[in-house]
Each structure stands twice: as C-alpha cells, then as structure tokens.
Amino acid sequence: DFDVVVATPNMMGEVWKLGRTLGPRGLMPNPKTGTVTMDVTKAIEEIKAGKVEYRNDKVGNVQVPVGKVSFDAVKVEENIKALYQQMIRIKPSTVKGTYVENVAISSTMGPGIKLDTDSLEKTK
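Per chain, the residues get numbers from 1 upward, laid out in the order the sequence is written. Side-chain atom pairs in this predicted model are given and counted only at pLDDT of 80 or more, local residue features only at pLDDT of at least 70, and totals for whole chains, interfaces and linings cover all residues. To get the side-chain values, all heavy atoms of the structure are used, and hydrogens and water are removed first.

This brings us to the overall build of the chain. Counting secondary structure elements, the chain contains five helices and four strands. For this measure, only C-alpha atoms enter the radius of gyration; the expected value for a globule follows 2.2 Å times N^0.38, where N is the number of residues. For the chain, the C-alpha radius of gyration of 17 Å lies well beyond 14 Å, the compact-globule estimate for 124 residues. Taking the principal axes of its C-alpha atoms as reference, the chain extends roughly 50 × 35 × 30 Å. Note on exposure labels: buried denotes an accessible area under 20% of the residue type's maximum, exposed denotes more than 50%, and partly exposed covers the range between, all computed with a 1.4 Å probe on protein chains only. Here the chain holds 124 residues, and 17% of them are scored as buried. Where helices and strands are cited, they refer to DSSP runs of H or I of at least four residues and of E of at least two residues respectively, numbered from the N terminus.

Our focus in this paragraph is the pattern of salt bridges. For this document, the term salt bridge refers to a Lys or Arg side-chain nitrogen within 4 Å of an Asp or Glu carboxyl oxygen. On inspection of all chains with the given rule, the structure shows two salt bridges. Between Glu14 and Lys17 there is a salt bridge, and its shortest N-O distance comes to 3.5 Å. Under the relative-accessibility criterion, Lys17 is labelled exposed at 59%. Residue Glu77 pairs with Lys81 through a salt bridge whose shortest N-O separation is 3.3 Å. With Glu77 and Lys81 both in helix α4 (residues 73-89), this residue pair falls four residues apart, about one helical turn. Accessibility expressed as a relative area gives 17% for Lys81, which makes it buried.

Across the chain, each position has a pLDDT score giving the predictor's confidence in that residue, from 0 to 100. Residue-level pLDDT values for the chain average 85, and 98% of them are 70 or greater. Confidence, read as mean pLDDT per element, is least for strand β1 (residues 55-56) in the chain (76) and greatest for strand β4 (residues 113-115) (90).

Attention now goes to a nonpolar patch on the surface. By definition, no residue in a patch forms a salt bridge, and every one has over 30% relative accessible area; like charges are joined within 9 Å, nonpolar side chains (Val, Leu, Ile, Met, Phe, Trp, Tyr) within 5 Å. Throughout, the Shrake-Rupley method with a 1.4 Å probe supplies accessible areas, and for residues the shown protein chains are the sole cover considered. Taken together, the side chains of Tyr54, Val62, Ile88, Ile90 and Tyr99 make up a nonpolar region of the molecular surface, amounting to roughly 390 Å² of accessible area. If you trace the backbone, Tyr54 turns up in the loop between α3 (40-48) and β1. The exposure class assigned to Tyr54 is partly exposed, which follows from its relative accessible area of 43%.

Mapped onto the secondary structure, Ile47 falls in helix α3. According to the relative accessible area criterion, Ile47 is partly exposed, its value standing at 27%. Considering only alpha carbons, one finds Ile47 and Asp72, 25 residues apart in sequence, at a separation of 21 Å.

What follows deals with the environment of Thr8. Tracing the chain through its elements places Thr8 in the segment before α1 (12-15). For the pair Thr8 and Ala82, spaced 74 residues apart in sequence, the C-alpha separation works out to 30 Å. Any pair of residues with heavy atoms lying within 4.5 Å of one another is described as a contacting pair. Not counting residues up to four positions away in its chain, the partners in contact with Thr8 are Val36, Thr37, Met38 and Val40.

What follows is the structure in structure tokens.
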C-alpha cells in the first residue's frame, strides 16, 4: 500500500526480483525519474513536496496527474495553474509560435473538458 519506491543503485539487484509485481503498477524504481539514487533522503523529500512525473506522446500531448478524488476544487485548480506555468517556463527557446495550444482535464476514463488558457495565465 504505497505510491513510490525509492532505491539505491546497489539495492536494485534485490528490487529487480520484485519487477513482476512493481512493473505493471508503474512502481519500479528508475534512474530517469529520480527514484534510483544514492541520496534517498533528498528523493523522499522531493516526492513528499509534490514532485510528479509527466509523459508526452509522439504528437505532443502531455499527460500528468493534477489531483486525487480527495482534493477539493481549489487544490486541483492551483495544481493545474502551477503545471501550466511550469510548462510555459520550460518552453525551449527554439520553439516558435504557440507552445501550448489547448488544455483539457479529465478523469481516468471520463471525457475531457477544455480549459481556457487565458484564465490559467492569471495568477492569484
């Protein structure tokens, strides 16, 4: 009953044995995501502070969790705004034109709801 597995490189031999259980659930430690590190304390602090992983597909769609069922609407809204501002901040200098064309939010299996990007740019 946990969300993240953090391991040191020398322990990956032991954690590897759990791959059939951890892999399908997306919990297998990975150096790219920062969950295989010698500085376990720092990794745990980052995760507790709210570090999330995001993925993008070959056509540029980005998927990232912004909340849980237990979050209230204000917290989800803050997370969406923070994510949008971070995506704009990390825009490569070589990209010309519109970097974020549209934003939509959906539950895991629900329909997407388009969001107004102008309202996301405004800060509190």
